Every structure is written in C-alpha cells, then in structure tokens.
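# Structure assessment
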Amino acid sequence: MTIGVLVDVLLALSLVGLSLQVVTGRALFRDLVLFILFGLLIALSWARLGAPDVALAEAAIGAGLTGALMLMAYRRLAAGGAADVSPARRRPLLALPVAALAGILVAIIGLSAQGVERVPDAAGTLVLQELSATGLGNPITGVLLVFRGLDTMLEMAVLLVALLGAWAVLGAAHPGRLHQVDRETPLVSALLTTVAPVTLLIATHLLLVGTDAPGGAFQAGAVLTGCGVLLVLTGTVRPRAAAGLLTKLLAIAGLAAFALIGVSALALGRAPMTLPGMWAVYLIETAMMLSIALTMTLLFARSRALGPEQR
Amino acid sequence: MTSTTVYLLAASAVFGIGVYGLIVADHILRKLLALNMMGSAVFVFILTVAGVTPEGPDPLAQALVLTGIVIAVAATAFALALMVRMFQETGLTSLQGHDGDD
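Okay, so let's go over this structure. What you are looking at is a predicted structure, and each value in this text was computed from that prediction instead of being measured.

### What to know about the overall build of chain B
Broken down by element type, chain B carries three helices and two strands. The order of helices and strands in chain B, counted from the N terminus, is α-α-β-β-α. For 102 residues, the compact-globule formula gives about 13 Å, and the C-alpha radius of gyration of chain B, at 17 Å, lies well above that figure. In terms of overall dimensions, chain B has a C-alpha envelope of 55 × 25 × 10 Å along the principal axes. Taken across its 102 residues, chain B has 60% of its residues classed as buried. Within chain B, residue pairs in contact and separated by at least 24 positions form 50% of the contacts whose partners lie at least 6 positions apart.

Given below as structure tokens:
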C-alpha cells in the first residue's frame, strides 16, 4: 500500500466519520459547520481523483456557497425565535436497515460497474479526440460549452427558475435586519478593501484560464458570489424591494447569451448551439458568471435586488 | 485496493448515512444536510465508476458532476427559501407539525 492510497483511506474514513457526526449530532449549528468541512474534504478527494475542475467547483459551490446559504437560513430561523437545539428526532424502526440496504446497494452497483471494461469509443474518449477541433484546451469546458451546450444552457434556466421560485415565496421580507456587522471596525474595512478586489481578480482569472486549465464560468461565478456575500454581510449593499432592469437583465444574461448565439447559428446555416468562435465562448462564459453570481447573491440575501445604501 | 475503490466504498457509506439522516431528521435544515450529503456521495460515485482516460477521469462525467453541483445548490437555495417562508407563516421548522411531539 503506497502513501497515496493511505491518504485516500484516511480521507475516505474522515468523510464517513464526518457524515455520521452531521447526521447524529445534537447541535444544529455545529453540524452545519461540520457539513462545510465535509464539503471541503469531498473537494480534496476530487483533487486526489484527478478532477481539479470538480474540486474547485465543490470547494466554492458545494462547501462554500451551500454552507453560507444554510448558515444564513439558520440565522434567519434563530432571529425568528426558532429553538437552537433541534427537537427530539424520531427513530423509526426501519431507518437503520433501509439506510444500510441503500448503502450496500450503491456499493454493489459501483463495484460491478467498476469491473465493466471501458469501451474504446466511450463518449469521454471521443471528447478528448475531438477537443482540438474546438480550440479549447480544457475538455470539461469543451463538454460544457460545445459538446453538451444545451445541457449547460438549461442549467442556467434551472438557476433562473430557482431564483424566480425564491422570489415567489419571499413574502414579507425584513430588509435591514441581517447586517449587524459594524463597518467602522478596522478589521471589516480592511477585509472589504483587500478581499473584495482579490475575489474579483480570482474570478476573472478562473474565467479566463477555464478554456485551457481547471476553472470556468461556474467556479468564477461562485468566487464572485463570495464577494457578493461579503458585501451583503457588511451592509455595503442593501436589499431593495423591487428588481430593476439591470438586475433582470443580469439574471437572464447567461441563458440569453447562450440561447441567442445558439439559435443564431441556424441563420448561418449551421446546426443549432454551434458556437461561431472563441469570442462566443468568452462571451457566454462571462454572461454565465455574472448571472450565477447575481442569482446566488440574491438567493443568499433573500431579496429581489441589491443596491448601495440609500440615504 | 485502488484509490477509486476506496472512494467508491466511502461514497456508498455516506449515501447510506445520508438516507438514515433523511429519515430520522425532524428539522428541515437537517433533512437538507442529509440530502446534500447524499448528493455529494452520488457525485463521487459517478466519478469513480466512469472510468479513466489518459487525462484523468472521464471528462463527460466530470462535466456532468459539475452541472450536478450547481443544480444541487440551486435546489437547496430554493428549499431554504421555502423553509424560511414556512417558518414565518407557521413558526414550524419541521414537517411533522405539532402532533408528533414525542
């Protein structure tokens, strides 16, 4: 057994241990924090499996963003007077056997699937063979934007639907109640003036290198959301009651850019969703990044729009 | 035992634990935690069974997982919005209602 496998075993054991803690824990806040840790370890295991694109996305979105959303929701419940410690949980007799069977089933399916010999012309192999024709160096970006562009476009539609759904159930929002961070303290202002520009820089970098190296619109959008979350938490931007034209345009930018370029290929006599060139890749990715960042920040802030404080 | 098998077994265990958490959890946030862990387990599962190419795990599977991560966070965000609204309306944080106090 090499050191590498040993690391993998340790990581795997930590994953199982952490998930057990999260499920059986008593204090909800502690379990939320452990869940974020779990996400980071998942990201590490993806890095170990040789999938840095997915690792980046998991660290930024799966652990960071989901964690931030959950902590914010927890805080909203606490602010409304919900009990901190979750009420006594039911322990159905069948829970344990059902869970064990589910786990065993997954293991059996996976182990038998691993034994299946890989066909020489598997879709993933074809992607690598045809990648040079796309002008992209990163096969995952190639799949997302060129080979399976329709999937990615519809993914933006899912994000939009989630935002519209959240707006529909917004109810009587209480803007101005959640940002309790004192902006006058030196730490917060230093955080804002250093971290916010750096996140912008990292997001732009991730977006641009995404064509050839690990990165892309989703990772960049998630990092940009981090900047948005920071601005919301420090009260630099405040929730607004109604979405203006700019907010609406930015929310649909990714979907619209993808759809317009995809459909305009028909007018040029090509198959739909064919991208006319690298400029289209950058345009779509930029639009997607902005849409993702805005959508997720609005979902985090639980508001229809954000803007600078109005005096 | 190879690394992929190690992660496959871990993903299976986490999936089972997630199912257990989903069943026994009362608090909606806890249910969402369990669901998200099951999702992560499925993503690891997909990558470990997809097979490898000379340039790492199958790129199609990686793109699929990447898409899945984003969809999962969108669904979670919507579920959290629903939960907060339900709490505002009813003061409840579980789906059981008041009659299940045992």
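Now that the structure is up, let's keep going.
### Details of the overall build of chain A
A count of helical and extended segments in chain A gives eleven helices and two strands. In terms of overall dimensions, chain A has C-alpha extents of about 60 × 55 × 35 Å along its principal axes. Considering only residue pairs separated by 6 or more positions, chain A has 73% of its internal contacts joining residues 24 or more positions apart. The centroid of the 19 positive side-chain charges in chain A is displaced by 15 Å from the centroid of its 15 negative side-chain charges.

### Some points on the interface of chain B and chain A
Taken together, the contact pairs 71 residues of chain B with 91 residues of chain A. Summed over both sides, the interface of chain B with chain A buries roughly 7,000 Å², with 77% coming from carbon and sulfur. Ranking the residues of chain B by area buried against chain A places Tyr7, Arg30 and Leu66 of chain B at the top, with a combined share of 11%. Linking chain B to chain A there are one salt bridge. In this structure, the salt-bridge partner of Asp31 of chain A is Arg30 of chain B, at a minimum N-O distance of 2.7 Å. In this assembly, chain B and chain A are joined by eight residue pairs in polar contact (both at pLDDT 80 or more). Elements supplying a minimum of two residues to the side of chain B that touches chain A: α1 (3-24), α2 (28-49), β1 (52-53), β2 (56-57) and α3 (59-90) of chain B. For the side of chain B that touches chain A, the leading source of residues is α3 of chain B, giving 23 residues.

### Structural notes on the packing of aromatic side chains
Residue and element names in this part refer to chain A. Here the structure, examined in full by the defined rule, presents two aromatic pairs over all chains. Judged by centre distance (5.6 Å) and plane angle (45°), the ring pair of Phe29 and Tyr74 falls under tilted. One end of the pair, Phe29, is in helix α2 (residues 28-48); the other, Tyr74, is in helix α3 (residues 52-79), and 45 residues separate them in sequence. The class of Tyr74 is buried, set by a relative accessible area of 11%.

### Thoughts on helix α1 (residues 3-24) of chain A
Residue and element names in this part refer to chain A. For α1, with 22 residues, the first-to-last C-alpha span of 31 Å sits near the 32 Å given by 1.5 Å per residue. Within α1 the residues assigned to the buried category are Val5, Asp8, Leu11, Ala12, Leu15, Val16, Leu18, Ser19, Val22 and Val23. Considered in projection along α1, the buried side chains sweep an arc of 165° and stay on one side of the axis. Opposite the buried face of α1, by more than 90 degrees, sit the exposed residues Ile3, Leu10 and Leu13.

### Topic: the pattern of salt bridges
Here the structure, examined in full by the defined rule, presents five salt bridges over all chains. A salt bridge links Arg30 of chain A to Asp31 of chain A; the nearest nitrogen and oxygen atoms lie 3.2 Å apart. According to the relative accessible area criterion, Arg30 of chain A is partly exposed, its value standing at 39%. A salt bridge links Asp151 of chain A to Arg148 of chain A, with the nearest nitrogen and oxygen atoms 3.0 Å apart. Residue classification places Arg148 of chain A among the partly exposed residues on the basis of a relative accessible area of 42%. Here the residues in one salt-bridge network are Arg30 and Asp31 of chain A together with Arg30 of chain B, joined through shared partners.

### Regarding the packing of α3 of chain A against α3 of chain B
One way to put it is that α3 of chain A packs onto α3 of chain B with a least axis distance of 10 Å and a crossing angle of 5°. On the basis of their axis angle, the class for α3 of chain A and α3 of chain B is roughly parallel.

### Describing the packing of α3 of chain A against α2 of chain B
Each pair of packed helices can be summarised by the angle the axes make with each other and by the distance between the axes. The interhelical angle for the contact between α3 of chain A and α2 of chain B, taken along N-to-C directions, is 175°, at an axis separation of 11 Å. Considering the angle they form, α3 of chain A stands roughly antiparallel to α2 of chain B. Touching Glu58, Thr66, Met70, Tyr74 and Leu77 of chain A of α3 of chain A are Leu29, Leu32, Leu33, Asn36 and Ser40 of chain B, all from α2 of chain B. Across the contact of α3 of chain A with α2 of chain B, the residue classes break down as six nonpolar, three polar and one charged.

### With respect to the environment of Glu130 of chain A
Topologically, Glu130 of chain A is positioned in helix α5 (residues 123-134). Residue Glu130 of chain A is classed as partly exposed on the basis of its relative accessible area, which comes to 44%.

### So, the environment of Ile28 of chain B
All names here are of chain B. Topologically, Ile28 is positioned in helix α2. For Ile28, a relative accessible area of 11% translates into the label buried. Sequence separation between Ile28 and Val84 is 56 residues; the distance between their C-alpha atoms is 10.0 Å. Those residues in contact with Ile28 that sit more than four places away from it in its chain are Met83, Met86, Thr93, Ser94 and Leu95.

### Digging into unusual backbone geometry
Of note, Met273 of chain A is a non-glycine position whose phi angle comes to about 70°, a positive value. In this structure, Met273 of chain A sits in the loop between α10 (245-267) and α11 (278-301).

### Remarks on the nonpolar core
Side chains of nonpolar character tend, in soluble globular proteins, to be buried together. Among the nonpolar cores identified, the biggest contains 117 residues, and Trp46, Ile61 and Phe218 of chain A together with Leu29 of chain B are the most heavily contacted of them. When residues in this core are grouped by element, the largest group, 14 residues, is from α3 of chain B. Counting the residues that make up this core, at least three belong to each of domain 1 (7-83) and domain 2 (137-311) of chain A. With sequence-adjacent residues up to four places away left out, Ile61 of chain A is seen in contact with Thr66, Phe218 and Ala222 of chain A together with Ile69, Val70 and Val73 of chain B.

Parameters at a glance
- Here the residue numbering is sequential within each chain, running from 1 through the sequence in written order.
- Think of it this way: whatever chain is written first is A, whatever ligand is written first is 1, and the rest follow in order.
- Side-chain atom pairs in this predicted model are given and counted only at pLDDT of 80 or more, local residue features only at pLDDT of at least 70, and totals for whole chains, interfaces and linings cover all residues.
- For the side-chain quantities, the full set of heavy atoms in the structure was used; hydrogens and water were omitted.
- A run of H or I in DSSP counts as a helix once it spans at least four residues, and a run of E counts as a strand once it spans at least two, with each numbered from the N terminus.
- The quantity called the radius of gyration is restricted to C-alpha atoms. Its globule counterpart is 2.2 Å times the number of residues to the power 0.38.
- The buried label applies to any residue whose accessible area, calculated with a 1.4 Å probe on protein chains only, is under 20% of its type's maximum; exposed applies above 50%, and partly exposed to all values in between.
- In this description, contact between two residues means that some pair of their heavy atoms is separated by no more than 4.5 Å.
- The convention is simple: Lys and Arg are positive, Asp and Glu are negative, and His and the chain ends are not counted.
- Taken as the charge centre is NZ of Lys, CZ of Arg, CG of Asp or CD of Glu, depending on the residue.
- A quick way to say it: buried area is the sum, across both parts, of accessible area lost when two parts are put together, with a 1.4 Å probe.
- Salt-bridge detection follows one rule: a side-chain nitrogen of Lys or Arg within 4 Å of a carboxyl oxygen of Asp or Glu.
- Side-chain atoms alone can form a polar contact between residues adjacent in sequence; in general such a contact is a pair of N or O atoms within 3.5 Å, and within protein one must be able to donate a hydrogen while the other accepts it.
- A pair of Phe, Tyr and Trp rings is counted when the ring centres sit within 6.5 Å of each other, with Trp represented by its six-membered ring. The angle between the planes then sorts it: under 30 degrees is stacked, over 60 is edge-to-face, the rest tilted.
- Under the convention used throughout, the expected extent of a helix is 1.5 Å for every residue step, that is, one less than its residue count.
- Think of the arc as the fan of directions from the helix axis to the C-beta atoms.
- Axes here refer to lines fitted to C-alpha atoms; in helices the fit is confined to the stretch in contact. Angles between the N-to-C directions go from 0 to 180 degrees.
- Should an angle fall under 35 degrees it is called roughly parallel, over 145 degrees roughly antiparallel, and 65 to 115 degrees roughly perpendicular, with every other angle called oblique.
- Classification used: nonpolar for Ala, Val, Leu, Ile, Met, Phe, Trp, Tyr, Cys and Pro, charged for Asp, Glu, Lys and Arg, polar for all others including Gly.
- The term nonpolar core refers to a set of buried residues drawn from Ala, Val, Leu, Ile, Met, Phe, Trp, Tyr and Cys, joined through side-chain atoms within 4.5 Å.
- By convention here, the domain bounds are inherited from an automatic or database domain assignment.

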